[in-house]
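Fold and geometry: a report
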Amino acid sequence: MRIRLGRSSAGFSAAYRELAFRISLAVVALPVVSTYSQSSSIPIEHFIFIIQENHSFDNYFGTYPGANGIPPGTALADYPGGPLVNKPYLETKTHISADLPHDWLSYRVAWDNGAMDGFLWGEYSQGSHYYGKGIPVPTPNPALVKIVKRKRASATVPLSTLADGEIVSPNGFIDDEDDEAPWVGAANEALADAAPAPKGTPDWKKRPRWVIETLSYMDGSIVPNYWTYAHDYTLCDAFFSSESGSSAPNHLYPIAGQAASIVSNDGLGSQNIAVYMFPSVINLLGNAGITWKYYSGFNTVVEGIWNPLPGFRQYSKRMGLHVDEHLAKTVEFKHDVKNGALPQVCWITPSSDQSEHPPNDVQVGMWYVTRLINAIMESSYWNNCAIIVMWDESGGFYDHVPPRQVDEFGFGFRVPALVISPWSRSGQVIHTQYDLTSPLKLIETKFGLPSLTARDASSNTMLECFDFNQTPLLPHIIKKN
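Reference entry: report on the structure contained in this document. (Residues numbered from 1 in each chain as written. Predicted model: local features only at pLDDT ≥ 70, side-chain atom pairs only at ≥ 80, totals over all residues. Heavy atoms only, no water.)

1. Notes on the overall build of the protein
When you go through the protein residue by residue, the secondary structure sums to 14 helices and 18 strands. Expressed as a percentage of its 481 residues, the buried residues of the protein come to 61%. Residue pairs at least 24 apart in sequence account for 79% of intrachain contacts in the protein once pairs closer than 6 positions are excluded. (Helix = DSSP H or I, 4+ residues; strand = E, 2+ residues; numbered from the N terminus. Buried < 20%, exposed > 50% of the residue type's maximum accessible area, 1.4 Å probe, protein only. Contact = heavy atoms within 4.5 Å.)

Printed below as a string of structure tokens:
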């Protein structure tokens, strides 16, 4: 069943939204099957999904030849109706100075009903709240998720401060993206309220100096390995984050096809966890006997916003399935490859310093990803694998393409996606629409599995990125000089 929802959330009737929601839940009843019907037309036996953090497509590939990149003459105003004086610029450093806010409200202000012109007034706390008045923020669905306190909260750790007064978490994040310091976002909100600009100051002048970094972009001189993979293999320029929200919901879509109406990291982190009460890949793959692992850069069995699977522990146990045996540290990935123990499907998430999450050095993350890819390319797994590198959400960076609103939650903004395989369409930019549920749809198609929700049921399969009749591509192993 393919379900296409309307183009604008404003155009939904309440009855239609309710019907769509009921249909999405109806799709989740998964049969228990002891075998699966593998598609013989897809000669891929191992799927490796590498998920990095917080960059828009335009931020990494906005000037890539042949891609739908930054339009010539692009300029944004400091405030609605103001002069178009702020232009995208090439970032020559390997990191920006601060983390850009990228919560639900920031994204909706930046989106501006599809105009994609609100980034400068949406990417800081005062601006997003001032211009975001009246924008509703969804709340988690209590029938699908319960937020509970951790048994033992993480110890308080010292924080530092940027020149503009923004508080930085131990891992360098100024919002609540950091598992170790979810209180940082709230502290910055309090700081903004406590130190308002002088009376009469125009609102656009209240923005911190680093907000202009939303318009920064990088090219092959800063992320050369990614541009090389795009040249040699396949680049997708219509791959969207699944939701106009932060990391927590966008890490749920690749493994569950939904996020239980969660749109932010609020309430999750070192103090709280989520208990999810709906199916995920634990059921999808476990019921079919397909081998899989989720490699995490953090504590493997402890739930985090980049490692949500432990939150399904109670639900999966009731289904007779167990998640812990499928959780491993990211550093174990190479060991599994070397020892012939790579599962049929795996997801790989980074540690914070390897994540490319601002303000971290993007080249540190790029070389981390390159080493993962090299490990596959240097093994026999290369002959029948597909590696998909994707970013969870755009991190507050500018992107010019308005995301189609398939329901009230998303799509979110475009993110980069690379498809690396002997069967990749070499040097091609694929313009087919995908989102974070598309890799999920790809493995469902390969293994003849049912869909988890309406989202993955209606997603494109990513088979457009492959040519199974071509002479298999050779591995391109990239090493540091």
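Don't stop here, the text continues.
2. Overview of helix α8 (residues 247-256)
Most of α8 sits out of view: ten of its ten residues are buried. Restricting attention to buried positions, one finds in α8 the residues S247, A248, P249, N250, H251, L252, Y253, P254, I255 and A256.

3. Notes on the sheet that holds strand β1 (residues 46-52)
The sheet built from eight strands is open, its strands ordered β13-β12-β14-β1-β15-β16-β9-β17 with mixed pairing. Each edge of the sheet is formed by a strand with only one pairing partner; in this case those strands are β13 (327-329) and β17 (428-430). Pairwise comparison of adjacent strand axes, ignoring direction, gives a mean angle of 20° for this sheet. With three bridges connecting them, strand β9 (residues 234-236) and β17 associate as parallel partners. In the strand pairing of β17, C236 is matched with I430. On the sheet, helix α12 (residues 362-377) packs against β1, β14 (345-348), β15 (385-391) and β16 (417-420) and is oriented at approximately 175° with respect to β1. On top of the sheet, helix α13 (residues 438-447) reaches β1, β14 and β15; it is set at about 175° to β1, its chief contact. (Pairing = 2+ DSSP bridges. Axes fitted to C-alpha atoms, helices over the stretch in contact; angles between N-to-C directions.)

4. Regarding unusual backbone geometry
Here the residue pair P358 and P359 is connected by a cis peptide bond, since its omega of 5° sits within 30 degrees of zero. For P359, the location among the structural elements is in the loop between β14 and α12. The omega torsion across G410 and F411 is 20°, close enough to zero to call that bond cis. Mapped onto the elements, F411 comes out in the loop between β15 and β16. For A260, which is not a glycine, the phi torsion comes out positive at approximately 55°. Relative to the assigned elements, A260 resides in the loop between α8 and β11 (272-276). Of the residues examined, A260 reaches a relative accessible area of 2% and is grouped as buried.

5. Re the packing of aromatic side chains
Using the criterion set out here, one finds 27 aromatic pairs in the structure. Seen in terms of ring centroids, Y60 and W391 are 5.6 Å apart; in terms of plane orientation they differ by 90°. Their pairing is edge-to-face. Placement of the pair is Y60 in helix α2 (residues 57-61) and W391 in strand β15, with a sequence separation of 331 residues. Here Y60 and W391 have matching classes, each one buried. Considering the side-chain rings of W121 and Y131, the 5.8 Å spacing of their centres and the 55° angle between planes classify their relative orientation as tilted. Residue W121 is located in helix α4 (residues 119-122), and its partner Y131 is located in helix α5 (residues 125-131); the two are separated by ten residues in the primary sequence. Among the residues examined, W121 registers a relative accessible area of 5% and is labelled buried. The side chain of R108 reaches across the aromatic face of W111, ending 4.3 Å from its centre. (Phe/Tyr/Trp six-rings, centres within 6.5 Å; stacked < 30°, edge-to-face > 60°. Lys NZ or Arg CZ within 6 Å of the ring centre and 35° of its normal.)

6. Topic: the packing of helix α7 (residues 224-232) against α12
Relative to each other, α7 and α12 sit at 45°, their axes nearing to 9 Å. Taken together, the axes of α7 and α12 are oblique relative to one another. Every residue of α12 that contacts α7 at P224, N225, Y226 and Y229 is listed here: Q363, G365, M366, W367, V369, T370, I373, N374 and M377. Class assignment for the residues of the contact of α7 with α12 results in eight nonpolar, five polar and no charged. (Parallel < 35°, antiparallel > 145°, perpendicular 65-115°, else oblique. Nonpolar A, V, L, I, M, F, W, Y, C, P; charged D, E, K, R; others polar.)

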